Amino acid sequence: MAKLLVEKSGPLVGKVKIKGAKNSVLKLMAASILAEETCYIESVPGLIDVEVMITLLESLGLTIDYNREEETLEIHPAELLKCEAPYELIQKMRASFLVMGPLLAKKGIAKVSMPGGCAIGARPIDLHLKGFQALGAEVTLGHGYIEAKADSGLVGAEIYLDFPSVGATENIMMAATMAKGLTLIQNAAKEPEIIDLANFLNEMGANVKGAGTDTIRITGVEKLGGTRHQTIPDRIIAATYMVAAAMTRGDITIENVVSSHVKPVTAKLREMGAIVEDSDDVIRVYTTGPLKAVDLTTLPYPGFPTDVQAQFMALLSVSEGTSVITETVFENRFRHVAEINRMGANVKIEGHSAVIQGVKELQGAQVKATDLRAGAALVLSGLIAEGVTEVDEIYHIDRGYPQIEKDLVGLGAKIRRIEEK
Ligand code: EPZ
């Protein structure tokens with residue numbers, strides 16, 4: 001089990017370049033199942049989750065060349081596409097469930113293991129399944145598997161999502177690309193990753209309109225070809241480094257970022273008193289004085305991202321005054337509170353909110369990453385805490401940050417990775 005040893009590091013200063021977005025690339029990979037020709041995906045970050053998706057696609061019969069140096073993927077269609085995604089792979093990563101829509105569209109049948117709950121909540125998939133049913137699939141559950149079947153093909157339909165779920169929007173959008181006629185997804189998620197997926201599908205020959213708004217219109221086509229596509233930059237990693245600049249009172253310039261994707265984070269940092277200078281694809285964050293408490297509520301995009309909630313909590317825990325964070329997207333995404341309090345923070349959970357009383361300093365301690373973003377928040381906390389912070393269970397961090405210690409060390413951080421047998 002690897003761990004990170006983080007020492008108090010002083011202000012982080014310099015430039016950092018953001019890689020492709022995990023939460024986009026995994027869906028682009030799943031969408032490649034739909035293609036009749038090769039798909040080339042660029043800016044593919046070196047992450048455990050990408051490796052899991054490669055294994056899954058290979059198990060379905062696709063052939064994949066991953067050039068880890070160049071960060072490019074070539075995904076060749078299967079000669080004989082299998083339609084079953086086994087438990088061993090789905091339980092490793094919930095995003096694996098996103099193969100269901102494309103398999104159903106292409107094969108008319110898909111059998112995928114039911115994903116379990118995870119550290120941040122139960123995370124049901126009812127909205128995905130309602131969507132498949134609306135498109136005419138017969139969905140049955142048994143022995144831990146979900147089987148969806150549409151013997152005479154999927155048929156376009158009007159689908160209203162009770163909640164703008166990212167995964168459900170993506171799965172239904174992919175399923176509908178080859179359904180007969182028009183599909184409308186209403187109250188769709190509007191995340192940038194949805195737009196990236198829609199662009200990818202359109203480049204393959206699909207007809208998807210309105211991605212990024214709350215109504216997506218998909219007109220079914222007969223078949224999809226290949227494409228070459230550049231993954232969008234990871235807005236959550238960019239936001240994590242924006243928080244790192246504010247937290248260490250540093251001065252970080254973030255390159256290869258889409259500034260409009262991190263607007264809610266920019267707005268909150270400015271409200272706290274940090275200086276954020278942004279152009280279309282570069283953001284500089286620094287501070288000139290103390291940072292003040294702010295309240296925030298996590299919401300679907302373009303609201304404040306739940307994936308930056310833990311990092312912001314770390315920042316607010318050393319800012320002046322009392323802040324309240326309300327988490328509305330996931331029901332159990334405060335497991336990092338106990339860990340950050342071990343470092344001397346003063347955070348109390350009250351229902352879906354966390355009340356953060358700013359303290360003067362944190363102290364290094366042994367803590368564990370309870371999920372991916374919580375892990376990043378603890379690393380940031382370690383950078384300003386007195387002494388040494390040992391962050392355990394960092395495999396979570398490795399699922400979403402291709403090179404967190406390399407990036408931060410490049411900005412002046414003192415971080416070491418220890419591999420333990
Ligand atoms: C995606 O998860 C991201 N994961 C998450 O990233 C991110 O936190 C989340 O979107 C919200 O932005 C990937 O893209 C791989 P949802 P997803 O469906 O698609 C409920 C990270 O740290 N819901 O929008 O699973 C669900 O339980 C992470 O990178 C239903 O009730 O998110 C949750 O409370 C973790 N029924 C809420 O909706 C459903 O059928 C939002 O989930 C589907 C979802």
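By convention here, each chain's residues receive numbers from 1 onward along its written sequence. Only residues with pLDDT of at least 70 get local features here, since the model is predicted, and only at 80 or more are side-chain atom pairs given and counted; chain-wide, interface and lining totals rely on the full set of residues. Think of the side-chain values as coming from all heavy atoms in the structure, minus any hydrogens and water.

Novice: So what exactly am I meant to see when it comes to the sheet that holds strand β1 (residues 2-7) here?
Specialist: Strands belonging to one sheet form pairs held by backbone hydrogen bonds; the direction of such a pair is parallel or antiparallel. Taken in spatial order, the 4 strands line up as β22-β23-β1-β24 in an open sheet, and their pairing is mixed. Unpaired on one side and paired on the other, β22 (366-368) and β24 (414-419) mark the two borders of the sheet. On average, each strand axis in the sheet is inclined to that of its neighbour by 25°, with strand direction left out of account. The pairing criterion is simple: DSSP has to find at least two bridges between the two strands. Elements are defined by DSSP. Helices are runs of H or I of four residues or more, strands are runs of E of two residues or more, and each kind is numbered from the N terminus. Sheet analysis places β1 next to β24, joined by 6 bridges and oriented antiparallel. Counted as the bridge partner of L4 is R417 from β24. The criterion used for residue contact is that any of the two residues' heavy atoms lie within 4.5 Å. Structural elements are reduced to axes, namely lines fitted to C-alpha atoms, with helices fitted over the stretch in contact, and the angle between N-to-C directions of any two is expressed from 0 to 180 degrees. Those strands touched by helix α12 (residues 372-384) are β1, β22, β23 (388-392) and β24, and its axis lies near 35° from that of β1.

Novice: Whenever I open this one, the pattern of salt bridges confuses me. Can you help?
Specialist: Between side chains of opposite charge, pairing is possible as soon as their charged atoms come close. Salt bridge, as used here, is a side-chain nitrogen of Lys or Arg placed within 4 Å of a carboxyl oxygen of Asp or Glu. Scanning the entire structure with this criterion turns up 19 salt bridges. Of the charged contacts in the structure, one is a salt bridge between R68 and E51, with a shortest N-O distance of 2.9 Å. With R68 in the loop between β4 (63-67) and β5 (72-76) and E51 in helix α2 (residues 48-59), this pair connects stretches of sequence that are 17 residues apart. The class for E51 is partly exposed, based on a relative accessible area of 28%. The partner of D278 in a salt bridge is K263, and the shortest N-O contact between them spans 3.1 Å. Of this pair, D278 sits in strand β16 (residues 275-278) while K263 sits in helix α9 (residues 263-272), and the two are 15 residues apart along the sequence. Exposure classes here rest on a 1.4 Å probe applied to the protein chains alone. A residue is buried below 20% of its type maximum, exposed above 50%, and partly exposed in between. What makes D278 partly exposed here is its relative accessible area of 27%. On the basis of relative accessible area, K263 is assigned to the partly exposed category, the value being 42%. Each of D251, E277 and R284 takes part in salt bridges that share partners, so that together they form one network.

Novice: Teacher, can you tell me more about the domain arrangement of the chain here?
Specialist: Often the size quoted for an interface is simply the accessible area lost on bringing the parts together. Split into domains, the chain comes out as domain 1 (2-16 + 234-419) and domain 2 (24-223). If you look at the interface, domain 1 gives 19 residues, while domain 2 gives 18 residues. The term buried area means the drop in 1.4 Å probe accessible area that two parts suffer when joined, counted for both and summed. Taken together, both faces of the contact between domain 1 and domain 2 bury some 1500 Å²; the carbon and sulfur share is 60%. For the pair domain 1 and domain 2, the number of links is 2 salt bridges. We note a salt bridge from D49 to R399, for which the minimum N-O separation is 2.8 Å. Under the rule applied, a polar contact is a pair of N or O atoms within 3.5 Å (in protein, one hydrogen donor and one hydrogen acceptor; residues adjacent in sequence only if both atoms are side-chain atoms). Connecting domain 1 to domain 2 are 3 residue pairs in polar contact (both at pLDDT 80 or more). Gly falls in the polar group here, along with every residue not listed as nonpolar (Ala, Val, Leu, Ile, Met, Phe, Trp, Tyr, Cys, Pro) or charged (Asp, Glu, Lys, Arg). Residue classes in the side of domain 1 that touches domain 2 are distributed as 8 nonpolar, 4 polar and 7 charged. Domain borders in the structure are assigned automatically or taken from a domain database.

Novice: I would appreciate a short explanation of the layout of surface pockets in the present structure.
Specialist: Over the atoms, a rolling probe the size of a water molecule traces out where space has been left empty. Considered as a void within the structure, the second largest pocket measures approximately 300 Å³ in volume. Lining residues are defined by having an atom within 4 Å of a point belonging to a cavity or pocket. Those points lie on a 1 Å grid over the protein atoms alone, cavities being sets where a 1.4 Å probe fits but cannot get out and pockets being open sets with protein on both sides within 12 Å along at least five of seven lines. R249, V318, S319, V359 and K360 are the residues nearest the centre of the second largest pocket, which is lined by 18 residues in total. Considered class by class, the residues forming the lining of the second largest pocket number 8 nonpolar, 5 polar and 5 charged. Grid points are joined across faces, edges and corners, and a volume is the space filled by probe spheres set on the points.

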